[in-house]
Amino acid sequence: MSSDPSGLDVGTSTVASSVFDVAAEHEQVVFCSDQASGLRAIIAVYSTALGPALGGTRFHAYPDEASALTDALALSRAMAYKAACAGLDLGGGKAVILGDPTRDKTEALLRAYGRFVASLGGRYITACDVGTYVEDMDVVARETHWVTGRSPVHGGSGDSGVLTAYGVFEGMRACARHRWGTPSLAGRRVAVSGVGKVGQRLVEHLLADGATVLVSDIDPAAVRRVQERHDEVLAVADPDELIRMEVDVYAPCALGGVITTPLVPQLRTEIICGGANNQLADAGVDKVLADAGVLYAPDFVVNAGGLIQVADEIEGYSPERARARAARIFDTTSDVLDLAAAEAVTPAVAAGRFAQRRMADIGRLRGILLPDQRA
């Protein structure tokens, strides 16, 4: 087993320079390779200013290694901001495993990955993400104790989609109050794109609040499962059609990068608030959305419930404590929207400033050395 970046073909100085350039903001990027198990993974640690970097492991069939690296870097940065906005004493990190989880996931691969997590000595704590589940974290934990999002039988909190969905709902309520003066989705049309671990639970919160819900997913079986439980939910076959429909709120809850600049003129929604990470495809989309009158709830603010849930395991999981912390996403979202209005910036810029200020204010305390650090 070895840590080897050769999969990225960085043998020449020109390419190597570009890899270092794209990762310049990050504290550490680890390339993990174990040929026997087929493991190819990247662990990106964006910041440990507030504490150990906590972030999930994404298992995905990326088109190439460069795409995997780009995703790991962007996701780890978002995790740092997410933890800062959520008031957690944690930094931001993320890992990606390259491959098809339905075909390539094995015990040996997951345990090899766990060894790499262990090798970081607690700088990075992993959890579930797209393509990984609590059962996988239990396997990873056989090689390292720097794992959260474990099954309840092992003292974990289970599926982090529970509080992710709840937090998105609370963020959506804050957006509703900001836009319409009342923190409710009752009578509103809400489109949920992606009804997996997060989206399906968000649907339940919305229905309970009195919203009319439309759903779509690239997996027809996921839509059928939702409709079997809630026949009042309206199904739209194509996610690309759903995103262009006339609704009050659009909630992206699958993979990121769905909101592009060319798409904005085609949107017929007042609010975008969902569980997906990195929803904006490129820099400047937030300004285009604001100019078009669309209120965008920064994803790393409203989808922090899952992080809050798995972070609570570090203290010894308490469902009541974790849910109470996730409920504060309503207040955090409101604070970000108020800051955006006060400073005449977009909510995305305001959320970034909110996170950066906390990271700077608290992170600087590391400079006050404790006795055992002076040796």
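These numbers come from a predicted model, not from an experiment.

Novice: Could you give an account of the sheet that holds strand 10 (residues 249–252), naming the residues involved and the relevant values?
Specialist: Reading across the sheet, the six strands line up as 9-8-7-10-11-12 and stay open at both edges, with parallel pairing between neighbours. For this open sheet the edge positions go to strand 9 (234–235) and strand 12 (295–296), each flanked by a neighbour on one side alone. Inspection of the sheet shows strand 7 (residues 189–193) paired to strand 10 by four bridges, in the parallel sense. In the strand pairing of strand 10, Val190 is matched with Val249. Packed on one face of the sheet, helix 7 (residues 199–208) meets strand 7, strand 8 (212–216) and strand 10 and runs near 170° to strand 7.

Novice: Give a description of the pattern of salt bridges that names residues and reports values.
Specialist: Close approach of charged atoms allows side chains with opposite charge to pair. Tallying each qualifying case throughout the model produces 27 salt bridges. Across the pair Arg358 and Asp89 runs a salt bridge whose closest N-O atoms are separated by 3.3 Å. Here Asp89 lies in the loop between helix 2 (65–85) and strand 5 (91–98) and Arg358 lies in helix 15 (residues 347–363), a separation of 269 residues in the sequence. Exposure remark for Arg358: the relative accessible area of 19% places this residue in the buried category. A salt bridge links Asp312 to Arg321, with the shortest nitrogen-to-oxygen separation between them at 2.7 Å. What makes Asp312 buried here is its relative accessible area of 0%. In the salt-bridge network here, residues are joined through shared partners; they are Glu107, Arg111, Arg115, Arg142 and Glu143.

Novice: Can you break down the packing of aromatic side chains residue by residue, with the values?
Specialist: In total, this model carries two aromatic pairs according to the counting rule given. Seen in terms of ring centroids, Tyr46 and Tyr81 are 6.4 Å apart; in terms of plane orientation they differ by 80°. Their pairing is edge-to-face. One end of the pair, Tyr46, is in strand 2 (residues 39–47); the other, Tyr81, is in helix 2, and 35 residues separate them in sequence. Relative accessible area serves as the criterion here: at 5%, Tyr81 is assigned to the buried category. Relative to Phe300, the ring of Tyr81 has its centre 5.5 Å away and its plane inclined at 75°; by these criteria the two rings are edge-to-face. Here Tyr81 is found in helix 2, whereas its partner Phe300 is found in helix 11 (residues 299–302), with 219 residues between them in sequence.

Novice: Residues and numbers for the nonpolar core, please.
Specialist: Counting residues in hydrophobic clusters, the biggest one holds 32 residues, and the most contacted among them are Met172, Leu185, Val192, Leu202, Val203, Leu206 and Val213. Breaking this core down by element, the ones donating at least two residues are helix 6 (161–180), strand 7, helix 7, strand 8, helix 8 (220–229) and strand 10. The contact partners of Val213, leaving out residues within four places of it in the chain, are Val190, Val192, Val203, Leu206, Leu207, Val233 and Leu234. Of all hydrophobic cores here, the second largest spans 25 residues; its members include Val45, Ala53, Leu109 and Tyr124.

Novice: Can you lay out the environment of Gly99 for me, pointing to particular residues and giving the numbers?
Specialist: With respect to the helices and strands, the residue Gly99 is situated in the loop between strand 5 and helix 3 (101–104). Judged by its relative accessible area of 13%, Gly99 is buried. Spatially, the C-alpha atoms of Gly99 and Asp64 are 10 Å apart, while their sequence positions differ by 35 residues. Here Gly99 is in contact with Phe59, His60, Ala61 and Asp104, once residues within four sequence places are set aside.

Novice: Please provide a residue-by-residue account of unusual backbone geometry, values included.
Specialist: Positive phi outside glycine occurs at Asn278, with the angle close to 50°. Here Asn278 shows up in the loop between strand 11 (271–272) and helix 10 (285–291). Phi is positive for Ala344, close to 55°, though the residue is something other than glycine. Locating Ala344 in the fold gives a position in the loop between helix 14 (329–343) and helix 15. Taking relative accessible area as the criterion, Ala344 reaches 71% and is therefore assigned exposed.

Novice: Now, about the side chain of Arg58: what can you tell me, with residues and values included?
Specialist: For Arg58, the location among the structural elements is in strand 4 (residues 57–60). By relative accessible area, which is 7% here, Arg58 ends up buried. A distance of 3.4 Å separates polar atoms of two side chains, one belonging to Arg58 and the other to Asp71. Aside from chain neighbours lying at most four places away, what touches Arg58 is Asp71, Leu75, Ala95, Val96, Ile97, Asp129, Val130, Leu255 and Asn277.

Novice: For the pairing of strand 8, give the residues involved together with the corresponding values.
Specialist: For strand 8, the tally of buried residues reaches four of five residues, placing the bulk of the element in the interior. Where strand 7 and strand 8 come together, five bridges link them in parallel fashion. Considered in strand 8, the bridge of Arg189 is made with Thr212. In this region the chain leaves strand 7, passes through helix 7 and returns to the parallel neighbour strand 8; the handedness of that crossover is right-handed. Summarising the sheet, strand 8 and strand 9 pair through two bridges and their orientation is parallel. What sits directly across from Val215, in strand 9, is Ala235. Traced from strand 8 through helix 8 to strand 9, the parallel crossover comes out right-handed.

Novice: Lay out the side chain of Asp138 in plain terms, naming residues and giving numbers.
Specialist: Turning to its location among the elements, Asp138 is positioned in helix 5 (residues 134–140). Judged by relative accessible area, which is 13%, Asp138 ranks as buried. When sequence neighbours within four positions are dropped, the list of residues in contact with Asp138 reads Arg150, Ser151 and His154.

Novice: Before we move on, could you go through the packing of helix 6 against helix 13 (residues 319–327) and cite the residues and values that matter?
Specialist: Between helix 6 and helix 13, the least distance of the axes is 9 Å, while the angle of their chain directions is 30°. Relative to helix 13, the element helix 6 is oriented roughly parallel. Pair helix 6 / helix 13 crosses with right-handed handedness. Of the residues in helix 13, those touching helix 6 at Leu163, Tyr166, Gly167 and Glu170 are Ala322, Arg323, Ala326 and Ala327. Here the contact of helix 6 with helix 13 is composed, by residue class, of five nonpolar, one polar and two charged.

Procedures and definitions
Numbers given for residues are sequential positions, taken from 1 along each chain in its written order. In keeping with the predicted nature of the model, local features appear solely for residues at pLDDT of at least 70, side-chain atom pairs appear and are counted solely at 80 or more, and the whole-chain, interface and lining totals rest on all residues. With hydrogens and water set aside, each side-chain value is computed from the structure's full complement of heavy atoms. When DSSP finds at least two bridges between two strands, those strands are taken to pair. A run of H or I in DSSP becomes a helix once it reaches four residues, and a run of E becomes a strand once it reaches two; helices and strands are each numbered from the N terminus. Residues count as neighbours in contact if any of their non-hydrogen atoms are within 4.5 Å of one another. Here an angle of 0 to 180 degrees is reported between the N-to-C directions of two axes, which are lines fitted to C-alpha atoms, with helices fitted over the stretch in contact. The working definition used for a salt bridge is a side-chain nitrogen of Lys or Arg within 4 Å of a carboxyl oxygen of Asp or Glu. Classification of residues uses two cut-offs on accessible area relative to the type maximum, computed with a 1.4 Å probe and protein chains only: under 20% is buried, over 50% is exposed, and between them is partly exposed. Stacked, edge-to-face and tilted are the three classes for Phe, Tyr and Trp ring pairs, Trp counted by its six-membered ring, which pair at centre distances within 6.5 Å; planes under 30 degrees apart are stacked, over 60 edge-to-face, the rest tilted. For this analysis, a nonpolar core means a set of buried residues of the types Ala, Val, Leu, Ile, Met, Phe, Trp, Tyr and Cys, connected via side-chain atoms within 4.5 Å. Nitrogen and oxygen atoms within 3.5 Å of one another constitute a polar contact, given that in protein one can donate a hydrogen and the other can accept it, and given that sequence-neighbouring residues count only through two side-chain atoms. If you view a crossover with the strands going away from you and the path from the first strand over the helix to the second runs clockwise, you call it right-handed. In what follows, roughly perpendicular refers to angles from 65 to 115 degrees, roughly parallel to angles under 35, roughly antiparallel to angles over 145, and oblique to any angle outside these ranges. Less than a right angle of anticlockwise turn of the near helix away from the far helix marks a crossing as left-handed, whereas a clockwise turn marks it as right-handed. Nonpolar residues are Ala, Val, Leu, Ile, Met, Phe, Trp, Tyr, Cys and Pro. Charged residues are Asp, Glu, Lys and Arg, and all others, Gly as well, are polar.

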